[in-house]
Amino acid sequence: MKWNILIVDDSNVVKAVLMKALSESGAPIAKVFDASNGRDALEVLKASPIDIVFADINMPVMNGVELVENMSADPGLKGIPVVIISTDGSQERMEHLRSMGVRAYVRKPFTPEQIRTVVREVMLGR
């Protein structure tokens, strides 16, 4: 089965680097969707079947924490695995996000190897 992936980040550079890292990870990718903030991500999630979400925390309009909160409150979205990719490494924030179901937390800057490991752990280990 190939996966539909949603990348949520307000930086086009980060989205491009993450897409490249995902393609190099060996993940079976069907389609990659992208959004620049949490609100746009929720629209994508409601319109398209998504298998995994990679989201930043610090974004305009709706940040990554608010996105995760909205997803965890929606029965149709709360089962979708979320991986946070952010420069924010606050232990308290990471614990809060994990309590809402976030499966992994990757600090920026990241390496393709880190993305490969996270994809294997989150998608193949579930």
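Residues numbered from 1 in each chain as written. Predicted model: local features only at pLDDT ≥ 70, side-chain atom pairs only at ≥ 80, totals over all residues. Heavy atoms only, no water.

## Brief notes about the packing of helix α2 (residues 38-47) against helix α3 (residues 64-73)
No. 1: Relative to each other, α2 and α3 sit at 30°, their axes nearing to 9 Å. Relative to α3, α2 is oriented roughly parallel. Judged by the sense of rotation from one axis to the other, the crossing of α2 with α3 is right-handed. Here G38, A41, L42 and L45 of α2 lie close against α3, whose contacting residues are L67, N70 and M71.
No. 2: For the contact of α2 with α3, the class distribution of residues is five nonpolar, two polar and no charged. (Axes fitted to C-alpha atoms, helices over the stretch in contact; angles between N-to-C directions. Helix = DSSP H or I, 4+ residues; strand = E, 2+ residues; numbered from the N terminus. Parallel < 35°, antiparallel > 145°, perpendicular 65-115°, else oblique. Left-handed = near helix turned anticlockwise from the far one by under 90°. Contact = heavy atoms within 4.5 Å. Nonpolar A, V, L, I, M, F, W, Y, C, P; charged D, E, K, R; others polar.)

## Description of the sheet that holds strand β4 (residues 82-86)
Across a sheet, strands are paired by hydrogen bonds formed along the backbone, either parallel or antiparallel in direction.
No. 1: As summarised here, the arrangement of the five strands in space is β2-β1-β3-β4-β5, forming an open sheet in which the pairing is parallel. Where the open sheet ends on each side, the last strands, each with one partner, are β2 (29-35) and β5 (104-107). Sheet twist, expressed as the mean angle between neighbouring strand axes with direction ignored, is 20°.
No. 2: For strand β1 (residues 3-8) and strand β3 (residues 52-55), the ladder comprises four bridges, and the chain directions are parallel. Looking across to β3, one finds that V8 is bridged to A55. (Pairing = 2+ DSSP bridges.)

## Some remarks on the pattern of salt bridges
No. 1: As enumerated under the stated definition, the model contains four salt bridges in all.
No. 2: Linking D9 and K108 is a salt bridge whose minimum nitrogen-to-oxygen distance equals 2.9 Å. Highlighted residues: D9 in the loop between β1 and α1 (12-24) and K108 in the loop between β5 and α5 (112-124), separated in sequence by 99 residues. For the residue pair D9 and K108, the accessibility class agrees, reading buried in each case.
No. 3: The partner of K15 in a salt bridge is D34, with the nearest N and O atoms 3.1 Å apart. Of this pair, K15 sits in helix α1 while D34 is found in strand β2, placing the two residues 19 residues apart along the sequence.
No. 4: The buried category is assigned to K15, whose relative accessible area is 3%.
No. 5: A single salt-bridge network, built from bridges that share partners, covers D9, D56 and K108. (Salt bridge = Lys/Arg side-chain N within 4 Å of Asp/Glu carboxyl O. Buried < 20%, exposed > 50% of the residue type's maximum accessible area, 1.4 Å probe, protein only.)

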